[in-house]
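Topology and contacts: notes
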Amino acid sequence: MNVPHPAQWALSLLPQALAQRLPLLVIASFLMGGLVATWTSYNLFERRAALHSAETSGGELQQIIQAAHFVDTQQDTPPYLWSKTTGFAADSDAHTVPLILTLGAVRYRAAVVFDQRPKRPDLLRAGAVSQSASDRLGELSKGISRQDGKATLVLFLRDGEALTITAPDLWRDRLGETTVALIGIAAFIGVIMAILPLALNLAAPFQTLTSKNREPLTSLASSEAQMARDHIVRLKERFAIEQDKRVRGLAAISHDLRTPVTRLRLRTEFLPEDITRDKFTADLDEISSIVDGALDLLSIRHQAETSHRFSLAALLESLVDDYRDTGRDVSFHWPEALDLPSVPSIFGHSGHVTIRASGESMMRGQPDKLRRALSNLIDNGLKYGGEVTVSIASPKADLLQVEVRDHGPGIAADRLESVLMPFVRGHGHGAGDGVGLGLSITHEIAELHGGELTLEDAKPGLRAILRVKRGLS
């Protein structure tokens with residue numbers, strides 16, 4: 001698994017043992033998620049608290065306006081600061097929203113001056129419903145707070161003086177609820193993006209160990225994964241040695257049995273009765289088939305054959321043609337055949353052109369082994385079904401699927417997996433039934449090409465599906 005460089009650096013700081021990495025990863029996830037949640041909650045709560053405080057402070061604003069007619073010095077009336085000046089001139093880059101404040105029977109010319117353009121200046125206007133002076137001032141203060149910017153409220157008094165009111169805790173720059181929510185979501189996604197490579201890296205070595213095409217573990221893999229890899233390597237080496245011993249032992253047994261079997265064949269020729277002689281010969285043939293078949297099954301992966309690039313559809317067509325030449329009822333369906341009308345010419349009428357996309361069945365593998373595997377499937381179909389249909393498809397980009405179907409009695413669903421085992425016959429035990437190794441050898445060849453062999457009850461008949469990887473990448 002490719003891990004980004006920051007994640008590699010972070011992983012290099014973690015302990016080597018998986019039992020220590022997991023708690024640290026959980027703690028880091030909890031802390032980072034907690035920080036994001038705390039920051040988001042604090043900003044949302046602080047803004048809502050400011051809006052509530054502004055809405056309920058209309059009485060304080062009313063007291064300030066009433067006192068301004070009698071007091072000339074600057075006063076503090078939390079949460080507001082106010083002062084009186086002679087006239088008022090806003091900065092050139094300020095944004096001013098003029099207002100008419102109706103407070104009971106008195107109307108004031110007023111303005112709200114913002115350092116930046118207000119988001120919703122309509123919230124500063126009075127509603128259609130008649131309000132008391134304190135309610136109107138509370139609504140105005142809340143409307144100013146909702147602009148989320150620094151502001152100053154200016155009231156022009158009758159004597160030419162101006163009353164300026166500020167609220168550093170309420171009317172100030174802050175993030176809006178939508179902005180806070182978006183930043184929180186982005187930060188949460190950032191936490192996931194930071195933690196995800198670390199979390200996936202914990203499982204990646206074990207996924208590598210369980211895959212068929214095992215890649216070497218990275219240096220960041222946990223010590224447990226490296227121990228599991230070393231154990232798997234030792235098991236594979238032991239299995240290869242044991243397998244080689246079994247193959248060599250069976251080969252020796254097969255070689256040693258050929259001599260007494262040959263002597264027995266010669267002695268059966270001197271038997272006086274033809275019936276007894278035929279039975280002895282049949283038994284000797286079965287012994288030879290069992291030994292040779294078992295040896296073939298165990299050594300199929302070690303049989304030397306060069307891999308080639310070839311068309312599996314072309315191989316199937318050639319194989320089916322061989323069967324048809326001998327009078328066997330085998331048919332092959334080409335993949336994605338396309339009939340197109342040809343253009344009429346002066347030499348004749350228009351007809352149809354069949355385009356066969358054989359190039360789409362290209363693969364790299366061992367054609368002789370695959371030909372043998374497919375022959376086993378077709379022979380089984382002919383033996384029990386009499387008629388066989390072969391087709392090919394590509395369900396995935398790097399996968400080819402060959403289907404061999406017959407119209408025989410089929411196999412019970414509870415025995416479909418067992419017949420793939422060595423020496424298990426699908427239909428009884430009689431002359432000409434074989435020794436039960438054909439499907440096992442076919443399954444071994446499919447696994448050798450990165451695929452598998454599966455059987456399905458077609459009702460009627462049996463459907464054998466051979467899947468192999470293209471192996472072109």
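What you are looking at is a predicted structure, and each value in this text was computed from that prediction instead of being measured.

About the cut-offs
- Residues numbered from 1 in each chain as written.
- Predicted model: local features only at pLDDT ≥ 70, side-chain atom pairs only at ≥ 80, totals over all residues.
- Heavy atoms only, no water.
- Pairing = 2+ DSSP bridges.
- Helix = DSSP H or I, 4+ residues; strand = E, 2+ residues; numbered from the N terminus.
- Expected span 1.5 Å × (residues − 1).
- Buried < 20%, exposed > 50% of the residue type's maximum accessible area, 1.4 Å probe, protein only.
- Patch = residues over 30% accessible without salt bridge, like charges linked within 9 Å, V, L, I, M, F, W, Y side chains within 5 Å.
- Areas by Shrake-Rupley, 256 points an atom, 1.4 Å probe, with all protein chains shown as cover.
- Salt bridge = Lys/Arg side-chain N within 4 Å of Asp/Glu carboxyl O.
- Lys, Arg positive; Asp, Glu negative; His and termini not counted.
- Charge placed at Lys NZ, Arg CZ, Asp CG, Glu CD.
- Axes fitted to C-alpha atoms, helices over the stretch in contact; angles between N-to-C directions.
- Parallel < 35°, antiparallel > 145°, perpendicular 65-115°, else oblique.
- Left-handed = near helix turned anticlockwise from the far one by under 90°.
- Contact = heavy atoms within 4.5 Å.
- Nonpolar A, V, L, I, M, F, W, Y, C, P; charged D, E, K, R; others polar.

Quick look at the pairing of strand 3 (residues 95-103)
By the bridge criterion, 9 bridges tie strand 3 to strand 4 (residues 106-114) in an arrangement that is antiparallel. The residue bridging His95 from the neighbouring strand is Phe114, located in strand 4. The loop that links strand 3 with its antiparallel partner strand 4 comprises 2 residues; one of these, Gly104, has a positive phi angle of about 70°.

Some points on helix 9 (residues 367-385)
Across its 19 residues, helix 9 extends 26 Å between first and last C-alpha, which sits within 8% of the 27 Å expected from 1.5 Å per residue. Burial in helix 9 covers these residues: Pro367, Lys369, Leu370, Ala373, Leu374, Ser375, Asn376, Leu377, Ile378, Gly381 and Leu382. Gly386, located one to two residues past helix 9, shows a positive phi value of around 80°.

A short note on a negative patch on the surface
On the surface, Asp91, Asp93, Asp115 and Asp173 cluster together to form a negatively charged patch. Looking at the element boundaries, Asp91 is found in the loop between strand 2 (80-86) and strand 3. The exposed category is assigned to Asp91, whose relative accessible area is 58%.

So, the packing of helix 2 (residues 18-55) against helix 4 (residues 133-145)
Where helix 2 contacts helix 4, the axes come no closer than 7 Å and their chain directions differ by 155°. With respect to helix 4, the axis of helix 2 lies roughly antiparallel. For the element pair helix 2 and helix 4, the recorded crossing hand is right-handed. Contacts between helix 2 and helix 4 involve Ala50, Leu51, Ala54 and Glu55 from the former and Gly138, Ser141, Lys142 and Ser145 from the latter. Among the residues making up the contact of helix 2 with helix 4, the classes are represented as 3 nonpolar, 3 polar and 2 charged.

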